[in-house]
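Structure assessment
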Amino acid sequence: MKSFKRRWQTIEITIVGVIAALLLIIAWLNWPVAILALIIVLAGYFINYNVIHNRRRLAIEQFDAMSKGVTQASNYALQNLPIAITIVNKDGTLVWNNSVFRDWMPVDWNKTQKLSAMIPGFRIDKIWGKSGFMKAAIGEKTFQIIYKFIDTQDSHGDMDDEFAEHACMALYFEDVTKAEVAREKAELAQPIWGMIQIDNIEDLTKGLSDREYTTLWAEINNIVVDEIDNRDGFIRNFQDDMYTFAISRGALADMEAEGFKILEKIRKIPTPRQLPATISMGIAQDMSSVKSATAKSRAALEVALARGGDQVCIMDGDDTRFFGGKVQGSEKNTRVRARVVSQAIRELMNDSDKILVMGHQREDYDALGGAIGVVTIARALGKEVRLVVSNEPMAIQKVLNVLNEDEFWQSIIITPAVAKQWVDANTLVFVCDVHRPDLVAAPEALGITKRRVVIDHHRRGTDFVEGPLLTYLEPAASSTSELVAELVQYAGATVPVKLTKAEATGIYAGIVLDTKNFNIQTGARTFEAAAFLRRSGADIERARQLFIDSFDDIQLRAKMLFSAERTESIAITEAPAGLTDMMVVSAQTADMLITIEDIEAAFVLYQLNDGGIGVSARSKGQLNVQVVMESLGGGGHRTVAGAQLYDMTVEDAKKAILTIALQQLHDLQEV
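Residues numbered from 1 in each chain as written. Predicted model: local features only at pLDDT ≥ 70, side-chain atom pairs only at ≥ 80, totals over all residues. Heavy atoms only, no water.

Some remarks on the overall build of the protein chain
Heads up, the condition is: We count a stretch as a helix when DSSP gives it H or I for four or more residues in a row; a strand needs E for two or more, and each element gets its number in order from the N terminus. Partly exposed residues are those whose accessible area sits between 20% and 50% of the maximum for their type, while under 20% is buried and over 50% is exposed, using a 1.4 Å probe and protein chains only. Here a residue-residue contact requires only that any non-hydrogen atoms of the pair lie within 4.5 Å. For the accessible areas, the method is Shrake-Rupley and the probe is 1.4 Å, while residue cover comes only from the protein chains on display.
On a plain count of helices and strands, the protein chain comes out with 24 helices and 23 strands. Counting the 671 residues in the protein chain, one finds 46% classified as buried. Counted over contacts in the protein chain with a minimum sequence separation of 6, partners at least 24 positions apart contribute 64%. Within the structure as shown, the protein chain displays about 34,300 Å² of accessible surface, and the carbon and sulfur contribution to it stands at 54%.

Here it is as C-alpha cells:
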C-alpha cells in the first residue's frame, strides 16, 4: 500500500510540473492570458481536489480490506495445509509450526521441544544452511521431509521479533506411510535367484548300493526342496547334485535371520560312510536383469565352493555376504584336476616370453615354496622368469640365504620396484598363496599385466585378482606348496623339471610350516607331495634347522605366553613393540598357544611398521579363524589366518576379535 501511495505522489508532481511549464510558455507569449489560465487551473484544482481525494481514500480502504482478507486467508491456508510445517532455530528447537504439525507429531507442547526428540538420530548441524530432503520414521508413520534454509535478514514479511534477526530452517513433513508400506511390500516380493549344489555327493555315495544311494539322495533332496517350497519359492533339480531356485526377497531375509538353518539340517543327515553331507548356495540379489541374476548366482556358488563349501554366498550388488562354513572341506583323493592345471600352466608358459612369480606381502615359507615350484617349471621350459620378494622378507630370510648359494637364484630375485619396471602387458604373472590383489608382493606390477594365474589354498574372499586366465584354488589342501609340488610332478612327465636340493627343501619347508610339522590339515596327498620332495633331494635336517629358534626368541615367546589372556577356549596375547621380526615371533607364539590343552584358537597381536596392528590367528580346526579374520578385513585358512587392523587401539582390536570368535564358538557348541 505504501508503494501505491508513493507512485500516486510521483504522478501528481509530474502533472504539476507540466502545467507550470505550459503557464510559463503562455506568460512569455501573452502574460494576461497566462494569468487567466492560472486562475482557471487553480479553480479546477480546488473543485476536483475533494473528488480525487475522496476516490483515493475509498480505493485505499478497498485495498486495505482486500489485503487483510488475503493475509487472513493465507494464514488460514498455511495453518491447515495437508502438510506439516515447522521452523527450527540453529539449536534444533521448534520456534513455529502449523496446526497440522501439532496434530501429527507426538509433542508435549507445554515444554520447549527439539526436533531431535521426535526424530531419532536427527542432528540439525548436518542440514544447517542447506536445502534438500530426507525420510524419517516417527512413531508408526514415515515422513518425507523437505528442508530449506531461511536467512531472515534477507526476507521481508511479518515475522516474530524473537527470531526475526536470526537464520532458521523450515521443514515440510509429508506423510508417505502408505507409499512406503507399498514400496516395502514390492521390494519384499522381488524375486531372488540362486543355485544349490551338494558339495560331496561322490564321497557320500562311493561304494553304496543303489538302494542306499537313492535313500540318501532322496533325504537330501527332500530337505532342499522343502526349504524352498515352504517359503513359496520355485526350485528345480537339473543334475543329481545341482538345483536352481527362485524365492522372494522377504523369504531370503527370513533365511538370513535364521542363519540358513538348511545347512545344519543337511549336516545332521545320517550317512552310511559317517561323512557329514554338506551343500553350498549361491544367491544373486539386486541384479538388473534375470540373465545377470542367473550368471551372478552361479558366480556366487563358485565362490562358496572355492571357500570350502558348506556355506551360502550372497552377492548383493557390490556387497558379498557369507553364512556357514563350519565343516572343514574334505580332501580330494583324485589328482585329475592337478594334472589338468599342470598342462594348462605349461601351455600358458609356452605362449609367454616373460614370467613373473610372486607371493603375498611379508612372505612366509609356504608363499615362497609355492613360488619356487612355479619358477622351476618356467626354468625347465626355457623361459625368462623373475621372482618378486616383498620389502619385508624377514620371515623367509633363512630360505633365501639357502637359495642365494645358487647363481641362478641370485639373478632372478627382484624387488617390487624392479618388478614394476620389468613387467609389461604381456607378462604372465603367477600369484602364489594369496588371491587378494592388495596383498600381493608387488601390486603395481600385477596391475600392469592382464595375464594372471592364481594358485592358492586359502578360502576365497570377496576380493580376488581380476580376470585370471587360470585359477587353482583348493581350500582342502594343506598348503600352496603341496599344490605346486603336484604341479611340478605332472610337469615333469612331459618336460624335465629337476629340483635342486635347496629348491626341494624350500618347498618342503612350506608344507611343514602350514601343517605344523604334519599335525594339522594333513591328508594322504600331503604325505605323497612330501615323499616326492624327499625323493627330489629335500634335506629334512636342513628344513628342521629353518625352524630352530634362538635362546632370545624362546624367552620372548615365554613372556608372551605368560601374559596371554584366556576367555573360554580362546587365548589372546600381544607381542612387545620394537621387534624386527614381530610377524614370525607372533606366528610361532600362536602355534605354541594352540598346543595347550583346552585352547581351541589363539590370536597374537603385534605392531606394524606403518602404525597398524597385525594379527596372527591359529586354530586346532574346530573354530574357523579365517571367518574371524575375514570379518575384520583379513583372511587366510581355516586353521591359519591373519589380518592387518587400522584406526583402532590394541584393546579395541582384542575386544573385536574376542566378540567374533566367541560368537562362532557358541554357534558351534549349539550345533
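Some details on the sheet that holds strand E20 (residues 601-607)
Note the threshold: One requirement defines pairing of two strands: DSSP has to find at least two bridges between them.
Taking strand neighbours across the sheet as the criterion, the six strands line up as E18-E19-E20-E21-E23-E22 in an open arrangement whose pairing is mixed. The open sheet has two edge strands, strand E18 (565-567) and strand E22 (635-636), and neither has a second partner. In terms of strand pairing, E18 meets strand E19 (residues 570-574) through three bridges, oriented antiparallel. Following the sheet pairing, Glu565 is matched in E19 by Ile572.

Structural notes on the pattern of salt bridges
The line we're drawing: Whenever Lys or Arg places a side-chain nitrogen within 4 Å of a carboxyl oxygen from Asp or Glu, that contact is recorded as a salt bridge.
In total, this model carries 23 salt bridges according to the counting rule given. Arg379 serves as the salt-bridge partner of Glu503, at 2.7 Å between the closest nitrogen and oxygen. In this pair, Glu503 sits in helix H18 (residues 501-514) while Arg379 sits in helix H12 (residues 365-380), placing the two residues 124 residues apart along the sequence. Among the salt bridges present, the one from Lys420 reaches Glu444, with a minimum N-O distance of 3.4 Å. Of this pair, Lys420 sits in helix H15 (residues 416-422) while Glu444 is found in helix H16 (residues 443-448), placing the two residues 24 residues apart along the sequence. A relative accessible area of 36% places Lys420 in the partly exposed class. Three or more residues joined by partner-sharing salt bridges are found here, namely Lys135, Glu180, Arg183 and Glu187.

Some remarks on the sheet that holds strand E16 (residues 451-456)
What counts, and what does not: The axes used here are C-alpha line fits, helices contributing only the stretch in contact, and every angle between their N-to-C directions lies in the interval 0 to 180 degrees.
Overall, parallel pairing links the six strands, which are arranged E14-E13-E12-E15-E16-E17 in an open sheet. Strands at the two margins of the open sheet, each flanked by one partner only, are strand E14 (413-414) and strand E17 (470-473). Sheet topology note: the E16/E17 ladder contains four bridges and is parallel. For Val454, the partnering residue across the bridge sits in E17 and is Thr471. Of the strands in this sheet, strand E15 (428-432), E16 and E17 touch helix H17 (residues 480-491), which is tilted by about 115° from E16.

Things to note about the nonpolar core
Selection criterion: Each nonpolar core is a collection of buried residues, namely Ala, Val, Leu, Ile, Met, Phe, Trp, Tyr and Cys, held together in the definition by side-chain atoms within 4.5 Å.
Residues Met349, Val357, Leu387, Phe430, Ile455 and Leu533 are the most contacted members of the largest nonpolar core, which totals 55 residues. Apart from the residues within four sequence positions on either side, Phe430 is in contact with Ile345, Met349, Ile355, Leu356, Val357, Met358, Val374, Val453 and Ile455. Grouped together as the second largest cluster of nonpolar side chains are 30 residues, Tyr243, Phe245, Phe260 and Ile283 included.

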